[in-house]
Amino acid sequence: MPELSGFLRASFELIADWLLATGDKGRLHLDPEEMTRSLAQKISSALRKAEILLRRLIWALAAEWALTDMPERAPDKRPRDRAPKPYRWRFAVFPNRPYNARAIDMLNARGRTGPRPPVRIGLILDRWRTLSGLAKDPTAAARRLARRFRQMKRANAIIPLACPVPGLNRLPGELGLLASFSLHETNTAMRKLILDSS
């Protein structure tokens, strides 16, 4: 299995540091039970941007690994009668965003009735922990995605390319540069995968 390139290693470390700073801002490491709505919105926005950057980098890493000789998946030795671990939020390598044509009508019909619902901190905590874990060790997710890319290539399925995401230019300093370079890095790796004839 190839090692992470210098760019990818530095990028994952940069995102991990940013997630740590975001967690400090919201005191997420203390497992808060409540949070102001404005702070929850700021943290959710930062986590959404971190998720986009991590997804791009994991795509780039998986595309590189899909071009190398990867070992077959080891058989699962876990007992089958064990219940799956419950989770509230899951990182998706291919996000599914269905479009609802009636969404605006539904929002207008609902209107404002009573006080706003409380902020669901459990989802923010789960998302922060999951993304922090991925930033520290992305190899398992990239390995799974590399196998999926190889299956897609064998099936002549369409392999996606990363698109620019509005709002990433508002990231601070080095993260803004990372957002620009990661788009180029990811699509370069994906094009190599598409053009590879093996």
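Just above, that's the structure.
Residues numbered from 1 in each chain as written. Predicted model: local features only at pLDDT ≥ 70, side-chain atom pairs only at ≥ 80, totals over all residues. Heavy atoms only, no water.

Enquirer: Residue-level account of the environment of His184, with values.
Expert: With respect to the helices, strands and loops of the structure, His184 is situated in helix α6 (residues 173–195). What makes His184 exposed here is its relative accessible area of 55%. Along the chain, His184 and Ala162 lie 22 residues apart, while their C-alpha atoms are 8.8 Å from each other. (Helix = DSSP H or I, 4+ residues; strand = E, 2+ residues; numbered from the N terminus. Buried < 20%, exposed > 50% of the residue type's maximum accessible area, 1.4 Å probe, protein only.)

Enquirer: Got a sec to walk through the packing of helix α2 (residues 37–66) against helix α5 (residues 139–154)? Specific residues and values, please.
Expert: For the pair α2 and α5, the least separation of the axes is 8 Å and the interaxial angle reads 55°. Taken together, the axes of α2 and α5 are oblique relative to one another. As for how α2 packs across α5, the hand of that crossing is right-handed. Facing Ile58, Trp59, Leu61, Ala62, Ala63, Trp65 and Ala66 of α2, the residues of α5 in contact are Thr139, Ala141, Ala142, Arg143, Leu145, Ala146, Phe149 and Arg150. (Axes fitted to C-alpha atoms, helices over the stretch in contact; angles between N-to-C directions. Parallel < 35°, antiparallel > 145°, perpendicular 65-115°, else oblique. Left-handed = near helix turned anticlockwise from the far one by under 90°. Contact = heavy atoms within 4.5 Å.)

Enquirer: Can you break down the nonpolar core residue by residue, with the values?
Expert: If you look at the biggest cluster of nonpolar residues, it comprises 51 residues, and the most contacted ones within it are Ile15, Leu19, Ile58 and Phe149. Those elements that provide at least two residues to this core are α1 (6–26), α2, α4 (121–136), α5 and α6. At 17 residues, α2 tops the list of elements feeding residues into this core. (Core = buried A, V, L, I, M, F, W, Y, C linked by side-chain atoms within 4.5 Å.)

Enquirer: Describe in detail the side chain of Thr22, supporting the description with residues and values.
Expert: As for its position among the elements, Thr22 is in helix α1. By relative accessible area, which is 7% here, Thr22 ends up buried. Setting aside anything within four residues of it in sequence, one finds Thr22 in contact with Ile43 and Ala46.

Enquirer: Which residues make up the packing of α2 against α4, and what values do they have?
Expert: Here α2 crosses α4 at 30°, and the two axes come no closer than 10 Å. Taken together, the axes of α2 and α4 are roughly parallel relative to one another. Of the two elements, α2 crosses α4, and the hand of that crossing is left-handed. Of the residues in α4, those touching α2 at Ala40, Ile43, Ser44, Leu47, Arg48, Glu51, Leu54 and Ile58 are Ile124, Arg127, Trp128, Leu131, Leu134 and Ala135. The class makeup of the residues in the contact of α2 with α4 is 10 nonpolar, 1 polar and 3 charged. (Nonpolar A, V, L, I, M, F, W, Y, C, P; charged D, E, K, R; others polar.)

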